[in-house]
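Results of the structural survey
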Amino acid sequence: MKLENLVRENIKRLTPYSSARKEYSGAAQIFLDANENSFGSPLTERYNRYPDPLQTEIKKKIAERNNVKPAEIFVGNGSDEAIDLLFRIFCRPQTDNIVICPPTYGMYEVSAEINDVEIKRAYLTEDFCLNVEAVKRTIDEKTKLLFICSPNNPTGNSFKRTDILDVAKIFQGIVVVDEAYIHFSREKSLIDEIGNYPNLVVLQTFSKAWGLAGLRVGLGFANGEIIKLFNKVKPPYNVSQIAQKAIINAFENESQVNETISEIISEREKLIERLSDYSFVTKIHPTEANFVLVKTVNADSIYKFLLDEKIVVRNRNNVELCAGCLRITIGTPDENKSLLKALEKLATENTEFFEESAS
Ligand SMILES: *Cc1c(COP(=O)(O)O)cnc(C)c1O
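The sections below set out a description of the structure shown in this document. Every chain is numbered on its own, with residues counted from 1 as its sequence reads. With pLDDT at 70 or above as the cut-off, local features in this predicted model cover only qualifying residues; side-chain atom pairs require 80 or more to be listed or tallied, and sums for whole chains, interfaces and linings still use all residues. Just so you know, side-chain values use all the structure's heavy atoms and leave hydrogens and water out.

What to know about the site of the ligand
Condition: Distances are taken per atom, and a residue is near a molecule or strand as soon as one of its heavy atoms is within 4 Å of it. Definition of a polar contact: a pair of N or O atoms within 3.5 Å, with one able to donate and the other able to accept a hydrogen when the atoms are protein atoms, and with sequence-neighbouring residues admitted only if both atoms are side-chain atoms. Computed by Shrake-Rupley with a 1.4 Å probe, the accessible areas treat only the displayed protein chains as cover when residues are assessed. Under the grouping applied here, Gly and all other residues not named as nonpolar or charged are polar, the nonpolar ones being Ala, Val, Leu, Ile, Met, Phe, Trp, Tyr, Cys and Pro and the charged ones Asp, Glu, Lys and Arg.
Neighbouring residues of the ligand: 13 residues in total, closest Y181, T205, S207, K208 and R216. Backbone polar atom of D80 to an oxygen atom of the ligand: 3.1 Å apart, as the coordinates give it. Between the ligand and D178 there is a distance of 2.7 Å, counted from a nitrogen atom to a side-chain nitrogen or oxygen. Its free accessible area being 390 Å², the ligand has 94% of it covered by the protein chains. When the residues that make up the shell around the ligand are grouped by side-chain class, the tally is 4 nonpolar, 5 polar and 4 charged.

Okay, structure coming up:
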């Protein structure tokens, strides 16, 4: 793979915006270069200065933890920003295409449509494994990005590392491995392969296991040449000061994150066991994430019933290969109890509509 041949010409030619904070980041004391308000902010904390455009402190910490270089990390406004930037760096609208492996995360498709890039599909197998042969068949010379989500949303399972790397080896484009749920999985991250696979981009996020979805911070790991392209194309101040500060503070409480992960996993196993008792549950898909995909006899009715009980789950009934399925996020013990109580009510009071739908 030659990165040079994958990058859009306009991006290669691009002179990136040069922010004041990038041009001068030394130890001056009087900053009159960025049209900021030197007087301060109408808050107790001061936010009058632009934040570090390259999130140096965060990258230093993440580099240590993941045994990579800071130059191999992109920090974005959620991993959704990284997904969009990949399109803008690599995909010529109306010319190139991407390959996704449905059922999978919806943002790949939305980002492709926003960027006017064709979507090709290599469906998972019936038991939600990566169909390596289908992926290889679907890729063509115009395919710039291949998205693999592992553990996969909405199915919950992880794909075989060897399957992913097998594809990465032969594919001449960029393989994007979305590890939003890796912290709940037994599988090891693919971050330690970025040195071996120059076309590999691994995405992670602070939105799930770290419990910081509201901050909007996501990560991309890749070789330094790809990260340079991210930095060239991204908005200069893509991660706010408040978010950068909060991430640094969150690292101080990492043990709490690990405890939460363990608790979510233990709640997940408990919930799965209880769910399997109900006759309207026909299959519980194996999961390595903080949610479980449950096949039911009548997803739409159960979804509506739960809504009436003020419980919202994700109805995946209309998603390919997910007919009858609800995706349920693992909540706190109390939330999960409420869910089970509602399902108990459903089971005892509403037997009739399951029978109807069975025909
Ligand atoms: C939730 C999720 C994300 C997270 O996106 P952010 O923009 O970082 O919040 C990314 N990928 C998948 C598959 C997800 O389910």
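Quick notes on empty space enclosed by the protein
Spelled out, the test is: The way it works is a 1 Å grid over only the protein atoms, where trapped points that fit a 1.4 Å probe form a cavity and open points with protein on both sides within 12 Å along at least five of seven lines form a pocket, and then any residue with an atom within 4 Å of a point lines it. Grid points are joined across faces, edges and corners, and a volume is the space filled by probe spheres set on the points.
Summed over all chains, the structure comprises 2 cavities of 30 Å³ or more. One number sums up the size of the largest cavity: a volume of about 80 Å³. Considered class by class, the residues forming the lining of the largest cavity number 5 nonpolar, 1 polar and 4 charged. As a volume, the second largest cavity reaches approximately 50 Å³. Lining of the second largest cavity is provided by L275, F280, V281, V294, T296, I302, L306, L326, I328 and L343. Class assignment of the residues belonging to the lining of the second largest cavity gives a composition of 9 nonpolar, 1 polar and no charged.

Structural notes on the pairing of strand β4 (residues 143-149)
Two faces belong to every sheet, and in a regular strand the side chains alternate between them. Inclusion rule: Three labels apply to residues, based on accessible area from a 1.4 Å probe with only protein chains included: buried if under 20% of the type maximum, exposed if over 50%, partly exposed otherwise in between. In this text, helices come from DSSP runs of H or I with a minimum length of four residues, and strands from runs of E with a minimum of two, each type numbered from the N-terminal end. What makes two strands pair is DSSP finding at least two bridges between them.
Most of β4 is tucked away, with 7 of its 7 residues classed as buried. Pairing geometry for strand β2 (residues 97-100) and β4, over 3 bridges, is parallel. Bridging from a neighbouring strand, I98 pairs with L145 of β4. Relative to strand β5 (residues 174-178), β4 runs parallel, the two being bridged by 5 bridges. Its bridge partner lying in β5, L145 is registered against I174.

Any link to function would need more than the numbers given here.
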